[in-house]
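One letter stands for each residue in the lines below.
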Amino acid sequence: MSQKSSNKDKLLMIQKKGKYNMLNIKLVIIGHSDRVVNFDLIKKYKSKFFNFLDIERINHLPNPVKDDGYLDIVYSKTEIQRIMNDIEYDGLSIAIMNYGFNDNFYMHRVGTNKVCISIYGLESILSEKKISIENFIIKNVYEIFIFNQLKILNDEDENEFLHSDTRGCLFDMNGDKRDIVYNTEKPIICDECKGKINNKLIPKNFLEDIQGELLKIDKPFIKKIENFISKYPLFSVLVTFFFSTLINLFSNWLWEMIK
Ligand SMILES: [Zn+2]
């Protein structure tokens, strides 16, 4: 390889490496959501688009305004805006709380660079399909990241972008919260959403690179096996029986050979 072409390759590599401006994210633990979410696991997540650099806590919370006699803690978007008011960060701040929003949504943009995700009640929905809450949060980070890239920076415009029918797409509205199980693991970007994204000014191969990373949002292999066993218990027992018989026959044969 000539010196000239090797320099050109190096230049190409540098350009490719720096293709996307890394978005720095600060995770904000509101209350005690770290009892449910493994923030260390999220912090270790690797993406070519964003990285989780900081974690901050907000422990002292005001009493919720809601006064309906029920004891559950529910905040409005405005209350969360106030709670996150002092958070300043040169990047994106994503807060996670284990309390509900009073309008039953699970995510709100509470500032141009501030988002709050409510995981209240979602753990039981996700655990039925053995989907981790950490994957649910990471999936939402991709959604927020793409909105940032498209300069869609408020709830109204975001909701207009989302579609109310469930397609397993990153931009499903999930009006029925139970639908989150269909677009948390390996979410797709449906043709309609691809069209809308391609209309905006985005880096070359942006969608391909994003989709490559979305495919990696999946449960660990061991969870897949557990899932399979709970889904097909009889088949699993038969397979176990078949293999244990096979191992038994093989060891008998081996023993005879040694003798
Ligand atoms: Zn879509």
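Residues numbered from 1 in each chain as written. Predicted model: local features only at pLDDT ≥ 70, side-chain atom pairs only at ≥ 80, totals over all residues.

> Go over the overall build of the chain with me, naming the residues and quoting the values.
When helices and strands are counted, the chain shows ten helices and seven strands. In terms of C-alpha radius of gyration, the chain reaches 23 Å, well past the compact-globule figure of 18 Å for 259 residues. Summarising its shape, the C-alpha atoms of the chain cover approximately 80 × 75 × 35 Å along the three principal directions. Across the 259 residues that make up the chain, the buried fraction comes to 23%. The long-range fraction of contacts in the chain, counting pairs at least 24 apart against all pairs at least 6 apart in sequence, stands at 64%. (Helix = DSSP H or I, 4+ residues; strand = E, 2+ residues; numbered from the N terminus. Rg over C-alpha atoms; globule rule 2.2 N^0.38 Å. Buried ≥ 20, exposed ≤ 12 C-beta atoms within 10 Å, placed from the backbone. Contact = placed C-beta atoms within 7 Å.)

> Could you give an account of unusual backbone geometry, naming the residues involved and the relevant values?
Notably, N104 is not glycine yet its phi reads approximately 75°, a positive angle. The backbone phi angle of N205 is positive, close to 65°, even though this residue is not glycine. Note on N205: 11 C-beta atoms within 10 Å, which makes it exposed.

> Which residues make up helix α10 (residues 233–258), and what values go with them?
For α10, with 26 residues, the first-to-last C-alpha span of 37 Å sits near the 38 Å given by 1.5 Å per residue. A small share of α10 lies buried, amounting to zero of its 26 residues. (Expected span 1.5 Å × (residues − 1).)

> Tell me about the confidence of the model for the chain, residues and numbers included.
Averaged over all residues, the pLDDT of the chain is 90; the fraction at 70 or higher stands at 93%. Scored below 50 in pLDDT, residues 10–17 shows zero contacts in the model against residues more than four places distant or in partner chains. (pLDDT = per-residue confidence, 0-100.)

> Break down the pairing of strand β7 (residues 114–118) for me, citing the residues and quoting the values.
Successive residues of a regular strand alternate their side chains across the two faces of the sheet. With respect to burial, β7 is a largely interior element, five of its five residues being buried. Side-chain alternation along β7 places K114, C116 and S118 on one buried face and V115 and I117 on a second face that is also buried. With four bridges joining them, strand β6 (residues 107–111) and β7 adopt antiparallel strand pairing. Considered in β7, the bridge of H108 is made with C116. Here β6 folds back onto β7 in antiparallel fashion, the turn holding two residues. (Pairing = 2+ DSSP bridges.)

> Could you give an account of the pairing of strand β4 (residues 92–97), naming the residues involved and the relevant values?
For β4, the tally of buried residues reaches six of six residues, placing the bulk of the element in the interior. Residue alternation in β4 divides its side chains into two sets, L92, I94 and I96 and S93, A95 and M97, and both sets are buried. One ladder, built from six bridges, connects strand β1 (residues 23–30) with β4; its direction is parallel. Looking at the pairing, K26 lines up with S93 of β4. Here β4 runs beside β7; their pairing, made up of five bridges, is parallel. Note on β7: the bridge partner recorded for I96 is I117.

> Can you break down the sheet that holds strand β2 (residues 50–58) residue by residue, with the values?
A sheet is described by the order of its strands in space; here five strands give the open sequence β2-β1-β4-β7-β6, paired in mixed fashion. Each edge of the sheet is formed by a strand with only one pairing partner; in this case those strands are β2 and β6. Averaged over all pairs of adjacent strands, the angle between their axes in this sheet comes to 25°, without regard to strand direction. (Axes fitted to C-alpha atoms, helices over the stretch in contact; angles between N-to-C directions.)

> Lay out the nonpolar core in plain terms, naming residues and giving numbers.
Ranked by internal contacts, the top residues of the largest apolar core, which has 35 residues, are I94, I96 and I137. Among the elements that take part in this core, helix α5 (residues 133–149) stands out by supplying six residues, more than any other. In contact with I137, other than residues within four places in its own chain, are V37, I42, I96 and I117. (Core = buried A, V, L, I, M, F, W, Y, C linked by C-beta atoms within 7 Å.)

> I'd like a rundown of the environment of E79, residues and numbers included.
Here E79 is to be found in helix α3 (residues 77–83). With 45 residues separating them along the chain, E79 and D34 place their C-alpha atoms 21 Å apart. For E79, the contacting residues outside a window of four places in its chain are P64 and V65.

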